[in-house]
Amino acid sequence: MEYRIEYARGKCRNYATNRKDLLEWLSILKDEVITDIRKVYKNGVEDSVLEKYQKYIKNSPAPADQSK
């Protein structure tokens, strides 16, 4: 399993091989706007985990208001 970090409006990506590596990348990319973090399983299935790691992202976009 690995994580894919997307930033720069989806134009750039970095990969992390585990959670520790992911947290290091998030600290390195602190000046970037992270648009998505996806957990990629060995079978190719992907899940977005952006919400779970939102507290580690410094310049994250505000979540959309879904109360409407």
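Just above, that's the structure.
K.L.:
Just to check I follow, could you spell out the environment of Tyr56 for this structure?
P.N.:
Considering the arrangement of structural elements, one finds Tyr56 in the segment after strand S4 (46-48). Assessed through its relative accessible area of 30%, Tyr56 is described here as partly exposed. In sequence terms Tyr56 and Lys30 are 26 residues apart; their C-alpha atoms lie 9.1 Å from each other. In this structure, Tyr56 is in contact with Arg19, Leu23 and Leu26, ignoring residues within four places of it in sequence.

K.L.:
What am I meant to see in unusual backbone geometry here?
P.N.:
Generally, phi is negative for residues other than glycine and the peptide bonds are trans, each holding for most cases. Its identity as a non-glycine residue notwithstanding, Ala8 has a phi of 55 degrees, on the positive side. If you trace the backbone, Ala8 turns up in the loop between strand S1 (2-7) and strand S2 (12-16). With a phi close to 60 degrees, Arg9 is a non-glycine residue in the positive phi region. Looking at the secondary structure, you find Arg9 in the loop between S1 and S2.

K.L.:
Sorry if this is basic, but what is going on with the packing of aromatic side chains here?
P.N.:
Note on aromatic pairs: each is described by the distance of the centres and the angle between the planes. Evaluation of the coordinates by the stated rule reveals 2 aromatic pairs. Aromatic side chains Tyr3 and Tyr53 sit 6.1 Å apart centroid to centroid with 80 degrees between the ring planes, which places their arrangement in the edge-to-face category. Highlighted residues: Tyr3 in strand S1 and Tyr53 in the segment after S4, separated in sequence by 50 residues. Here the aromatic residues Tyr3, Tyr53 and Tyr56 are joined through ring pairs into a cluster of three or more.

K.L.:
I tried to follow a nonpolar patch on the surface on my own but got confused; where do I start?
P.N.:
Together, Met1, Tyr41 and Val45 line one region of the surface with nonpolar side chains, adding up to about 260 Å² of accessible area. For Tyr41, the position within the fold is in the loop between strand S3 (34-40) and S4.

K.L.:
Honestly, the side chain of Arg38 in this entry has me stumped. Any pointers?
P.N.:
With respect to the helices, strands and loops of the structure, Arg38 is situated in strand S3. There is a polar contact of 3.1 Å between the side chain of Arg38 and the side chain of Asp36. Looking at Arg38, its side chain comes within polar contact range of the side chain of Glu46, at 3.1 Å. Those residues in contact with Arg38, other than ones at most four positions away along the chain, are Glu2, Tyr3, Arg4, Glu6, Glu46, Asp47 and Ser48.

K.L.:
How should I be thinking about the sheet that holds S2 in this particular structure?
P.N.:
Strands in a sheet are paired, the pairing made by backbone hydrogen bonds, and the direction either parallel or antiparallel. Within the open sheet, the 4 strands sit side by side as S2-S1-S3-S4. Their pairing is antiparallel. Edge positions in the sheet fall to S2 and S4, since each has one partner strand and no second. Across the sheet, the mean angle from the axis of one strand to that of its neighbour is 25 degrees, orientation sign disregarded. Strands in contact with helix H1 (residues 19-28) are S1, S2 and S3; relative to S2, the strand with the most contacts, it is inclined by about 145 degrees.

About the thresholds
- Residues numbered from 1 in each chain as written.
- Predicted model: local features only at pLDDT ≥ 70, side-chain atom pairs only at ≥ 80, totals over all residues.
- Heavy atoms only, no water.
- Helix = DSSP H or I, 4+ residues; strand = E, 2+ residues; numbered from the N terminus.
- Buried < 20%, exposed > 50% of the residue type's maximum accessible area, 1.4 Å probe, protein only.
- Contact = heavy atoms within 4.5 Å.
- Phe/Tyr/Trp six-rings, centres within 6.5 Å; stacked < 30°, edge-to-face > 60°.
- Patch = residues over 30% accessible without salt bridge, like charges linked within 9 Å, V, L, I, M, F, W, Y side chains within 5 Å.
- Areas by Shrake-Rupley, 256 points an atom, 1.4 Å probe, with all protein chains shown as cover.
- Salt bridge = Lys/Arg side-chain N within 4 Å of Asp/Glu carboxyl O.
- Polar contact = N/O pair within 3.5 Å; in protein donor to acceptor, adjacent residues only side chain to side chain.
- Pairing = 2+ DSSP bridges.
- Axes fitted to C-alpha atoms, helices over the stretch in contact; angles between N-to-C directions.

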